[in-house]
Every structure is written in structure tokens, then in C-alpha cells.
There are 2 protein chains.
Amino acid sequence: MKTVRGCFITCVLAALACAALSTTIQAADPLPSWNDGVAKKSILQFVANVAEKGSPDFVSPADRIAVFDNDGTLWCEQPMYFQFFFTFDRVKALAPQHPEWKEKQPFKAVLENDMKAFQAAGEKGLAEIIMTTHAGMTTEEFEKIVKDWIATAKHPRFNRPFTDLVYQPMLELLTCLRENGFKTYIVSGGGIEFMRPWTEKVYGIPPEQVVGSSIKLKFEMRVDKPVLMRLPAIDFIDDGPGKPVGIQKFIGRRPVSAFGNSDGDLQMLQWTAAGEGTRFMLLVHHTDAEREWAYDRQSLIGRLDKALDEALRRRWTVVDMKKDWNKIFPFQ
Amino acid sequence: MKTVRGCFITCVLAALACAALSTTIQAADPLPSWNDGVAKKSILQFVANVAEKGSPDFVSPADRIAVFDNDGTLWCEQPMYFQFFFTFDRVKALAPQHPEWKEKQPFKAVLENDMKAFQAAGEKGLAEIIMTTHAGMTTEEFEKIVKDWIATAKHPRFNRPFTDLVYQPMLELLTCLRENGFKTYIVSGGGIEFMRPWTEKVYGIPPEQVVGSSIKLKFEMRVDKPVLMRLPAIDFIDDGPGKPVGIQKFIGRRPVSAFGNSDGDLQMLQWTAAGEGTRFMLLVHHTDAEREWAYDRQSLIGRLDKALDEALRRRWTVVDMKKDWNKIFPFQ
């Protein structure tokens, strides 16, 4: 009888645990940093429709692909893309080996923090400092440089590591999607190898689910040790019309859901929307100058103009950061 | 008491089921098509070492990446790469719209099955027919063409669909690795979009885990419908020194295990071998002219020469197909 009683107790305890768990699941809000409103409701409705067996909108787990822009969608992008801070810090770190930079633009502008002179150097100047700071080393060497920088550099306004400036509501959304069988990808105009060293830790997104812009790589044998050298030549620009191309190249299937915040994400959302069956497209609208920044149609960084018109026309979900998010950053 | 008795019976049944399952697991051979020998033993030893917690060779599940060449490693590649059969069939299917091909090389050679004349056209001729048959349509149109072909075309020697000519021992190996927490990738010189439509069904490898050669894509809006056009320009050649580049681009971490069969896989195996910790590299040596084909150092297709020397020098595992595999194809 002892075995039977022990078993009975175990079973009752298991049943109680199950009941408790089920209550917890029902009670827990997967998006606590989202205020109740259209945006939150539409997300939860989409996830429920897609994940529920028997639902007319059911999507097989293998096809539950969600793609996220990074700059301005998962973390901030003001007063300039964070990769630019990295690039400028690299110029400064390398300057002692390049005394000629003191008189040579666009390096001079960077060393003197002269943003006007830097902007005057235009895209060509930007490309030059990116190639100088991002190429000419192995992939392993570059990864170490990024890891060291991301661990120590701080954002000028918040005086915190850049990886602190991720959006808490979007972290909750990533988790909610993954818990409902989605595979979450980053599809960013930023450098793929600039993101991969820290996206797993910060977003739970592993390197193989990061799509981004890249420079060319070359395999070389150093005696018996193979290395991949980073070459000063553009391989792929994963921005605007490049984003659907990046999705097709790297993922090979069309996402059912896409999240962005600027005109650079428009084609990614269009491509996602054009698939068959249920779809979910969302734009983050930066409307909170106090807690973060407010910018859209006139901004040089993260301009949101055509994509906003398209979102309104096609009834995509637009997040009003000020109204929809009760918390912006995890540290708040 | 009824509840208690019911519960007791359930628990006993569950315990019995568990015991039975555990016996089955212990007894089942995960690689039944592999004869006992060094190759099979070294695979099973590697998998056990990597997957067992507390083992000095333990690898975290996230880092259990295994990369497989396709042609000659997962399916046959004789008398020529299967994608060439596809290409030639496309030339024939398109010929009625191109009467000029009757007199124009290399199309004339293909239409007349004149392999000598085709080979005389060299790489330039090959590139020309690949661009003609693989570009100029949307990604969706190309996917449909591949799906239709793979469902109907037959191999000349075996008179069976090409997807029947996959190696049963390698299918078992893929499953064994996945059951032990590995993520299995294809890293092939073949066209990425030629493989993706069927790799999930045939190998259990989803599109996002297929890396291959590619042509350029372009995003276009057709009125309100976005499409990705396939352009007649090489984007990336995923062969030889291109394989480690492809691995870095698409996966972003170094595999712990790599499987190939030819000199085109040498750099992929070198790159894999050069990582820290335990590694496993394997070459399939085609030694069975009766059941499949026998070829190595002198073969035009799938030449295995330098990679074989390197494998012997570095004690990588070399599969002797005739000796090590008791079954070649699933249909046998």
C-alpha cells in the first residue's frame, strides 16, 4: 500500500502543479511593457491565430519566421547609428599608427570630433573610414575588437553600454514569438560581423540568425593555420531593396512577420506582406523625445516617411512609442 | 480507492513503458547501414564525447554545427553533377523558343547530346547555359521549375528519381547527429536555390540551413506585387576556398564537424579542423564501382586527391564506401 499511497501523493502533487502552472500561464502577460491598445492586441491576436492548431490562420512551426530590423527597432540609433560610434573609436585607437590622419580627411574630422567636416566627406568618406577600420584583419581578430568595444564603450546621452539601450518591449516580443514556435531573425543594414558577437546574449538571437551588410572575405593558409581575411570591398548591402534579397539568400523562405522602423525596412515589410495567408507587419514610430527620441519624416538617421504612408494605407501596425510602451529600456 | 487504483495502474504502465523505451534506445543501432569498423566507431565515439555532459570534449548544443557537402557526399555526382542534368533538360525545354540554338554552341551540343562539343566550350560555355537556364525569372518561378523537374526527371543509370540516389548511411548519420543536438547544414558548390526546394523532404535540412553557390537577385515592384528577379550574374561560388567563406557568411560560427568527398571540400575540412576543442572530419571515398561508382585522384567530377593526402596525413576519417557501407541507397 505504501507504493500506492506514494504514487497517489505524487499524482495529486503533479496535478496540483499542472493546475498552478496553467493558472500562471493564463495570468502572465507576455508583454508587460506594452500598454493595452491596438498594437499590443494585434500582436497577441496574430500570435494566437498562427500558433493555434485548427485555426484558419495556423502556420506550421517551420514557417514561423519573424524578421527584425536592428537599429531603431531593437536598439536605439540616435544621435547616430551605434556602429558609427564604434567606427570613430576605431579611428581614434588606430590614429597613433597613422600620423598622416591628422591632416587627412575624413580621418581628421573624426579625430577632431568635427561632424560638419565629416558629413562634408559624404558617402565616399564614410566608406573610406569603414574599410580602414573594418578590413585588413582576420574574422577572429575583428570579433575580438567588437567584443572588447561593446563591453566598454558608452552611449554619450545615457552614459551606459550601448547594449543597455535595447527596447524592453521588443525583448518581450522576441521572447513571446519564440515561445510560440517562431524563429527570430535580425535583418539589418548594419554589419553582420558587428552584430553577431553580442546578439545571442542581448536578444537571444544566435549568429546564424543574423543577416546584415558585409565586406568580402578571403580564405588564406598561414602555414598550417587557415584564416578568413576581411577585405576592403563591399560584399552585400542589406538595406532597403537589399533586405528581401538578404532574406532570400540567408533564410530561403518568406517570413510571416516583419518588424522595422524606417524607410530602409519598407521593402522587407512589402515582401513579407505579399506572401499567402496571415501576415503581421509592424513599424516602431519614435515619438518619445523625453524617454528616447522623437523623429520620423525629416530625420537623416532612421527616416520614416514612405514606409509610414504605406503602413497607414495598408493598415500595418504602427507603434506609438510614447503611448504604447510603458517602459523603454530594461534598466528603467 | 478507484482513483488510487487507476493512478497506480497508470504509474506502473508508465514505468514499464519507460523501461521498455530505455531498452530499445540501448539496443538500437543508430547507424545500421554502416559496417562495424574504424569509420563507424569514430563517428559514434565523437558524438558520444561531444554530447555527454561532463565529458572533457563536451560541446554546448548551440555550437554543435555539422556541415555536409552535397554532391558525392549526400547524393551521387556521376556521370555528372545532377544539376547539369537539370540544366541540360532546361535547355531542351526552352529550345522551341530559341530556334537559333540549333546552330549555336554550346546549346547545339546540349541539344545533340554531344558531350565532346560541350566540353570543348569550356567554363565559358557552361556559364552561358547556366545563366540562360537559371536567370531571367523570379525566385518563385525558379522554385517551381526545380520542384517540377526533381519530381519527374530520372537518373540514366538507375532509372529512378535523382532524390532516390541519396546515401542511406549518410541519412542515418544526419539523423544521429540531429538526435544528439547537432544542427546539420549543407555547404555545397551546387546552386543554393536548386537545393532548397527539396532538401527538407529528402535530408530533413530546412532551406535556412542550406548554403550554396548563387546568382544575384534584384528586388522589383510589379505594380503592387514585389518579386525577386534572378539576374545573369554570379553572386557567390561556394566551392573550395569559398566554403569556409560561405560558412562564415551564413552560419557565423565554426563547425565542429565537416563531411565531404572531394578536393572542393578540403578548405571546409581544414577550417573546421582548425577550431579549438574536439573536431571530426570525414571524407567519403567512392570505392564501389558495382553498387555506385569508383573514382578519386583522376576523376574530372569530384576529384579526391589533395584532400585524400591531407586526410591521411591528419588522420581524418576516410569512409571506404565498398567496405564501410552495407547499403548504399534507401531503395536497396
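Residues numbered from 1 in each chain as written. Chains lettered and ligands numbered in written order. Predicted model: local features only at pLDDT ≥ 70, side-chain atom pairs only at ≥ 80, totals over all residues. Heavy atoms only, no water.

(A) Focus on helix α8 (residues 168-179) of chain A. All names here are of chain A. Across its 12 residues, α8 extends 17 Å between first and last C-alpha, which sits within 8% of the 16 Å expected from 1.5 Å per residue. Buried residues dominate α8, accounting for 9 of its 12 residues. Of the positions making up α8, those classed as buried are Gln168, Pro169, Met170, Leu171, Glu172, Leu173, Leu174, Cys176 and Leu177. Close packing links the buried residues of α8 with α2 (38-51), β1 (65-68), β2 (183-191), α9 (192-203), β5 (257-260) and β6 (280-287). Gly181 sits one or two positions beyond α8 and adopts a positive phi of about 85 degrees. (Helix = DSSP H or I, 4+ residues; strand = E, 2+ residues; numbered from the N terminus. Expected span 1.5 Å × (residues − 1). Buried < 20%, exposed > 50% of the residue type's maximum accessible area, 1.4 Å probe, protein only. Contact = heavy atoms within 4.5 Å.)

(B) Quick look at the sheet that holds strand β6 (residues 280-285) of chain B. Residues and elements named next belong to chain B. What the 7 strands build is an open sheet, ordered β4-β3-β2-β1-β5-β6-β7; its pairing is mixed. Because the sheet does not close on itself, it has two edges, and the strands there are β4 (225-236) and β7 (317-320). Taking the axes of each pair of neighbouring strands and ignoring which way they run, one obtains an average angle of 30 degrees across the sheet. Taken together, the 4 bridges between β6 and β7 define a ladder with parallel strand orientation. Across the sheet, Leu283 pairs through a bridge with Val318, a residue of β7. (Pairing = 2+ DSSP bridges. Axes fitted to C-alpha atoms, helices over the stretch in contact; angles between N-to-C directions.)

(C) The arrangement of the interface of chain B and chain A in detail. Contact residues are listed per partner, giving 42 residues for chain B and 42 residues for chain A. Taken together, the two surfaces of chain B and chain A that pack against each other cover about 3600 Å², and 59% of this comes from carbon and sulfur. Connecting chain B to chain A are 12 salt bridges. Residue Lys249(A) is joined to Asp235(B) by a salt bridge in which the shortest nitrogen-to-oxygen separation is 2.8 Å. For the pair chain B and chain A, the number of links is 16 residue pairs in polar contact (both at pLDDT 80 or more). At the level of secondary structure, the elements contributing two or more residues to the side of chain B that touches chain A comprise α1 (2-27), α7 (139-152), β2 (183-191), α9 (192-203), β3 (210-222), β4, α10 (242-250) and α11 (266-273) of chain B. In terms of residue count, α10(B) provides more of the side of chain B that touches chain A than any other element does, 5 residues in total. (Buried area = accessible area lost by both parts, 1.4 Å probe. Salt bridge = Lys/Arg side-chain N within 4 Å of Asp/Glu carboxyl O. Polar contact = N/O pair within 3.5 Å; in protein donor to acceptor, adjacent residues only side chain to side chain.)

(D) View of the pattern of salt bridges. Across all of its chains, the model carries 50 salt bridges over all chains by this definition. In this structure, Lys216(A) engages Asp235(A) in a salt bridge whose closest nitrogen and oxygen atoms are separated by 3.8 Å. Of the two residues, Lys216(A) sits in strand β3 (residues 210-222) while Asp235(A) sits in strand β4 (residues 225-236), which places them 19 residues apart along the sequence. Glu310(B) is the partner of Arg313(B) in a salt bridge, and the nearest nitrogen-oxygen pair spans 3.4 Å. Highlighted residues: Arg313(B) and Glu310(B), both in helix α12 (residues 306-314), separated by 3 residues, approximately one helical turn. Judged by relative accessible area, which is 10%, Glu310(B) ranks as buried. Because the salt bridges share partners, they merge into one network encompassing Asp63(A), Lys183(A), Arg253(A), Glu200(B) and Glu208(B).

(E) How the structure looks around the layout of surface pockets. All names here are of chain B. There is about 1400 Å³ of room inside the second largest pocket. Lining the second largest pocket are 44 residues, and of these Tyr81, Phe84, Leu126, Ile130 and Gly189 lie nearest its centre. Within the residue set of the lining of the second largest pocket, elements represented by two or more residues are α3 (82-94), α5 (115-120), α6 (122-134), β2, α9, β3 and β4. Looking at which element gives the most residues to the lining of the second largest pocket, the answer is α6, with 7 residues. Looking at the lining of the second largest pocket residue by residue, the class counts come to 20 nonpolar, 13 polar and 11 charged. (1 Å grid on protein atoms, 1.4 Å probe; cavity = no way out; pocket = protein on both sides within 12 Å on 5 of 7 lines; lining within 4 Å. Points joined across faces, edges and corners; volume = space filled by probe spheres on them. Nonpolar A, V, L, I, M, F, W, Y, C, P; charged D, E, K, R; others polar.)

(F) Main features of the pairing of strand β1 (residues 65-68) of chain B. Residues and elements named next belong to chain B. Neither face of β1 is open: one carries Ile65 and Val67, the other Ala66 and Phe68, and all of them are buried. With 4 bridges connecting them, β1 and β2 associate as parallel partners. Looking at the pairing, Ala66 lines up with Thr184 of β2. Across 3 bridges, β1 lies against strand β5 (residues 257-260) in parallel orientation. Residue pairing in the sheet places Val67 in a bridge with Ala258 of β5.

(G) How the structure looks around the relation of the copies chain B and chain A. Turning chain B through 180 degrees and shifting it by 0.0 Å along the axis lays it on chain A, with an RMSD of 0.0 Å. Such a combination of turn and shift is consistent with a two-fold rotation axis. The rotation axis passes nearest to the C-alpha of Phe250(B) in chain B, at a distance of 3.1 Å. (Least-squares fit on C-alpha atoms with pLDDT ≥ 70 in both.)

(H) Expanded view of empty space enclosed by the protein. Residue and element names in this part refer to chain B. Under the definition given, this model contains 1 cavity of 30 Å³ or more. Here the largest cavity is characterised by a volume of approximately 30 Å³. In this structure, the largest cavity is lined by Asn70, Asp71, Trp75, Gln83, Gly190, Phe194 and Met195. Residue composition of the lining of the largest cavity, grouped by class: 3 nonpolar, 3 polar and 1 charged.

(I) Geometry of α9(B). All names here are of chain B. Where burial is concerned, most of α9 is hidden: 9 out of the 12 residues are buried. Within α9 the residues assigned to the buried category are Ile192, Glu193, Phe194, Met195, Arg196, Trp198, Thr199, Val202 and Tyr203. Residue Gly204 follows α9 closely and has a positive phi angle near 75 degrees.

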